Amino acid sequence: MNRDAATTERLRTLIGKLQSLTEAGDLHWERQAGSAHRYARWNNNLLILGPATPLNETKVPRYLFITPFNSPDCIEINSDDADLGAQVTQLVKEVEKVSKAEPPTDPFGVTEQMLERLESM
């Protein structure tokens, strides 16, 4: 990916912040039912770490996908990225460490709260 140094540094800072929040327990990652993907909600954005393969498969590239809830825009950074790849890999390892005991969730499951919000619109 071609990008200028300032953009790379901003992305580096962002990934570092996500890792710090994860380590501190301030960013809660969940495991999707039926998948090894991890996802989190942060500042009105959806964060996804993937793919759905075990960490011991080190030749499989990992990715961090970020998309705002109110926009089709997105950012994807993968572990093959020359500038940021190692940082994505570290984030994946940290998220795996802190979320491995989490029970799987269904982010698309219908909940009572969701139905109440929709009915009140």
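The shown structure was predicted, so the numbers you read here are calculated from the model rather than taken from an experiment. (Residues numbered from 1 in each chain as written. Predicted model: local features only at pLDDT ≥ 70, side-chain atom pairs only at ≥ 80, totals over all residues. Heavy atoms only, no water.)

**Q** So what's going on with the overall build of the protein chain? Residues and values would help.
**A** Along its length, the protein chain carries 3 helices and 5 strands. Listed N to C, the secondary structure of the protein chain is α-β-β-β-β-β-α-α in terms of helices and strands. Expressed along its principal axes, the backbone C-alpha trace of the protein chain runs to roughly 45 × 30 × 25 Å. Counting the 121 residues in the protein chain, one finds 31% classified as buried. Considering only residue pairs separated by 6 or more positions, the protein chain has 45% of its internal contacts joining residues 24 or more positions apart. Taken as a whole, the protein chain presents about 7,900 Å² of accessible surface, with 52% of it coming from carbon and sulfur. Side chains of the protein chain carry 13 positive and 18 negative charges; the gap between the two charge centres is 6 Å. (Helix = DSSP H or I, 4+ residues; strand = E, 2+ residues; numbered from the N terminus. Buried < 20%, exposed > 50% of the residue type's maximum accessible area, 1.4 Å probe, protein only. Contact = heavy atoms within 4.5 Å. Areas by Shrake-Rupley, 256 points an atom, 1.4 Å probe, with all protein chains shown as cover. Lys, Arg positive; Asp, Glu negative; His and termini not counted. Charge placed at Lys NZ, Arg CZ, Asp CG, Glu CD.)

**Q** Tell me about the pattern of salt bridges, residues and numbers included.
**A** Counted according to the given criterion, the structure contains 5 salt bridges. The closest approach of N and O atoms between glutamate 94 and lysine 97, which form a salt bridge, is 3.6 Å. Of this pair, glutamate 94 and lysine 97 both sit in helix α2 (residues 85–99), 3 residues apart, which is roughly one turn of that helix. Residue class for glutamate 94 comes out buried when judged on its relative accessible area of 10%. Assessed through its relative accessible area of 54%, lysine 97 is described here as exposed. (Salt bridge = Lys/Arg side-chain N within 4 Å of Asp/Glu carboxyl O.)

**Q** Outline the confidence of the model for the protein chain, supporting the account with residue identities and numerical values.
**A** Per-residue confidence for the protein chain gives a mean pLDDT of 87; residues scoring 70 or more make up 97%. Ranking the elements of the protein chain by mean pLDDT puts helix α3 (residues 112–119) last with 80 and helix α1 (residues 5–24) first with 95. (pLDDT = per-residue confidence, 0-100.)

**Q** Tell me about the sheet that holds strand β1 (residues 30–31), and please be specific about residues and values.
**A** One open sheet accounts for 5 strands, arranged β1-β2-β3-β4-β5; its pairing is antiparallel. Each having just a single partner strand, β1 and β5 (75–78) make up the two edges of the open sheet. One ladder, built from 2 bridges, connects β1 with strand β2 (residues 38–42); its direction is antiparallel. Bridged to arginine 31 within β2 is arginine 38. (Pairing = 2+ DSSP bridges.)

**Q** Would you mind going over α2 in detail, with residue names and values included?
**A** Counted at 1.5 Å a residue, the expected span for α2 with its 15 residues is 21 Å, and the 21 Å between its end C-alpha atoms agrees. Contacts made by the buried residues of α2 are with α1, β2, β3 (45–50), β4 (63–68) and β5. (Expected span 1.5 Å × (residues − 1).)

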